Amino acid sequence: SLVAAVIPAAGRGVRLGPGAPKALRALNGTPMLIHAVRALAASRSVSLVVVVSPPDGAAEVKSLLDAYELPERTDFLVVPGGESRQESVRLGLDALPPDHGIVLVHDAARPLVPVDTVDAVIEAVRDGARAVVPALPLADTVKEVEPQPEAGPEPVVATPDRSRLRAVQTPQGFDRATLVHAHESVTQDVTDDASMVEQLGEPVVCVPGHEEAFKVTRPLDLVLAEAVLARRRL
Ligand code: CTP
Ligand code: MG
């Protein structure tokens, strides 16, 4: 089955602070989105990349994709995104041509994911999993708290057993029909695509993620991303 990648890149990047939309910010001189597109197109299995641009930024993103060297064997589409990540992904799915049976969803904000991680996710879907997420064990202990209406100490409710917890990354890989069905039927707000498939009662599996697939969210993450690129000499 052919593999398409949907890259939601429509977010503003509020937690990164003032500036251009996050996906368009430069890392060592190249827009984060271009790094992310190259990371997915680096997989020989990925034949189509659909970039979901900021709602009013489709033309700008199209010209960016034209301005940078990208693999010849990969097709690229740009569609404008929506108000939430969930809506942006759905708009990307709506733009897929019929012939791609496997879909990856990858955050533009994870520009440094290694191709081996991308290929491991694809392989797990090809081996029969309907939903696959790259995931890592946690370094920190996690507390569940009772959030308070005002600033101040928050009571701890529970400490889940860390050895059973995973921090999940992207690309998440799906049987296309399963993901489309999830996006059609789940209305609750979610922070990743696999949780929508979970809500359908369908199985989701984790494969090993990678430290370099971290999400650029806050200013310190930019420092780390540029250091990783420098180590790769990019
Ligand atoms: N995203 C999107 N459409 C939205 C919101 C987010 O396509 N309406 C994308 C982002 O561009 C990003 C990915 O979803 O690639 C993960 O979201 P996140 O890291 O939260 O990025 P932002 O929403 O841009 O950041 P913030 O939440 O700090 O504003
Ligand atoms: Mg966000």
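For clarity, every value in this text was computed on a predicted model and none was experimentally measured.

(A) Here's a closer look at the UniProt feature "site: Transition state stabilizer" (unreviewed entry) in the protein chain. The feature "site: Transition state stabilizer" (unreviewed entry), as annotated in UniProt, sits at Arg15 and Lys22 in this numbering. Looking at the secondary structure, you find Arg15 in the loop between strand 1 (2-8) and strand 2 (26-27). Classification of Arg15 by C-beta neighbours within 10 Å gives exposed; the count is 12. Residues in contact with Arg15, not counting those within four places in the same chain, are Thr217 and Arg218.

(B) Examining the environment of Gly29 more closely. Positionally, Gly29 belongs in the loop between strand 2 and strand 3 (30-31). You can call Gly29 exposed: it has 8 C-beta atoms within 10 Å. With 171 residues separating them in the primary sequence, Gly29 and Leu200 have C-alpha atoms 42 Å apart.

(C) Summary view of the site of ligand 1. What surrounds ligand 1 is a group of 22 residues, the closest being Pro8, Ala10, Gly11, Arg15 and Ser88. A class-by-class count of the residues in the shell around ligand 1 yields 8 nonpolar, 7 polar and 7 charged.

(D) Spatial organisation of helix 7 (residues 219-231). In this model helix 7 runs 19 Å from its N-terminal to its C-terminal C-alpha over 13 residues, within 8% of the 18 Å that 1.5 Å per residue would give. Within two residues after helix 7, Arg233 carries a phi angle of roughly 60°, on the positive side.

Criteria and cut-off values
Residues numbered from 1 in each chain as written. Chains lettered and ligands numbered in written order. Predicted model: local features only at pLDDT ≥ 70, side-chain atom pairs only at ≥ 80, totals over all residues. UniProt positions renumbered as here; feature names shortened; annotations may be inferred. Helix = DSSP H or I, 4+ residues; strand = E, 2+ residues; numbered from the N terminus. Buried ≥ 20, exposed ≤ 12 C-beta atoms within 10 Å, placed from the backbone. Contact = placed C-beta atoms within 7 Å. Near = placed C-beta within 6 Å. Nonpolar A, V, L, I, M, F, W, Y, C, P; charged D, E, K, R; others polar. Expected span 1.5 Å × (residues − 1).

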